[in-house]
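Structural overview
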Amino acid sequence: MSPVISKEARKPPGVWSDTRLVKACLLGNEEAWSLLIEKYKALIYSIPVKYGLPAEEAADVFQATCMELLARLPELREPRALPKWLMQVAHHQCYRWKQQQRRVVSRDAEPDLPVPETPAIAESLIQQTQEEQMVREAMAELTPQCRRLVELLFFETPARPYAEVAAELGLSIGSIGFTRQKCIQRLRRHLEQLGFH
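Thresholds, definitions, all that
Residues numbered from 1 in each chain as written. Predicted model: local features only at pLDDT ≥ 70, side-chain atom pairs only at ≥ 80, totals over all residues. Heavy atoms only, no water. Helix = DSSP H or I, 4+ residues; strand = E, 2+ residues; numbered from the N terminus. Buried < 20%, exposed > 50% of the residue type's maximum accessible area, 1.4 Å probe, protein only. Contact = heavy atoms within 4.5 Å. Areas by Shrake-Rupley, 256 points an atom, 1.4 Å probe, with all protein chains shown as cover. Core = buried A, V, L, I, M, F, W, Y, C linked by side-chain atoms within 4.5 Å. Axes fitted to C-alpha atoms, helices over the stretch in contact; angles between N-to-C directions. Parallel < 35°, antiparallel > 145°, perpendicular 65-115°, else oblique. Left-handed = near helix turned anticlockwise from the far one by under 90°. Nonpolar A, V, L, I, M, F, W, Y, C, P; charged D, E, K, R; others polar.

When helices and strands are tallied, the chain shows 9 helices and 0 strands. In sequence order, the chain lays out its α and β elements as α-α-α-α-α-α-α-α-α. Sorting the 197 residues of the chain into buried and exposed places 30% on the buried side. At a minimum sequence separation of 6, the contacts of the chain that also span at least 24 residues come to 57%. With the model as given, the accessible surface of the chain reaches about 12,500 Å², and the carbon-plus-sulfur share is 56%.

This paragraph deals with the nonpolar core. With 25 residues, the main nonpolar core has Leu36, Tyr40, Ile44, Leu69, Leu82 and Leu86 as its most contacted residues. Looking at this core, the elements that each hand over two or more residues are helix H2 (18-26), helix H3 (30-51), helix H4 (55-72) and helix H5 (82-109). Here Leu36 is in contact with Leu21, Cys25, Leu69 and Leu82, once residues within four sequence places are set aside.

Moving on: the packing of H2 against H3. Packed helices, taken two at a time, are described by the angle their axes make and the gap between the axes. Closest axis-to-axis distance for the H2/H3 pair is 8 Å, and the angle between their directions is 135°. It follows that H2 is oblique to H3 by the angle criterion. At the point where H2 passes H3, the crossing takes the left-handed sense. Residue-level contacts link Asp18, Leu21, Ala24 and Cys25 of H2 to Ala32, Trp33, Leu35, Leu36, Lys39 and Tyr40 of H3. Among the residues forming the contact of H2 with H3, the class breakdown is 8 nonpolar, no polar and 2 charged.

Laid out in structure tokens, this is it:
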């Protein structure tokens, strides 16, 4: 009798759940670390971009957030909370950088200014960032053709004409509308599974 292999175990490493990735990372699996960072790279970088940090400082925030992840991953009790935790760490790093910049400027004029408290992270910004990550994850679940179709029609500005989309994907122009509808339905299902409202 052959052993039963779970659906999760059959998935290639690139589509492992956060729970499985975290477990593999804690066991020292370097591929899992790379996949975990790759999965959340855009999420982490989106935070300093929202703060308006220059590219070099955004890279510093990314590195500091990854270092914090490396150091504190064994303490993570719920892997599904990882995206929100990463956002909070990145927000904190950005806020710290912004405050450091203000202190450098303002302390030159008034050296006795108190150091301000770190404010609570704006819930709307966290919600927006979480939704962006859900879209990235749902897009990753689509077939390559569906993913590219959605990118061409909805993520490019201006949107590509159907004739260009059909030529790039090797489809007939008449099938683009039907294919688009199927891809959007799949994307919507993936988003619902992730809890997107």
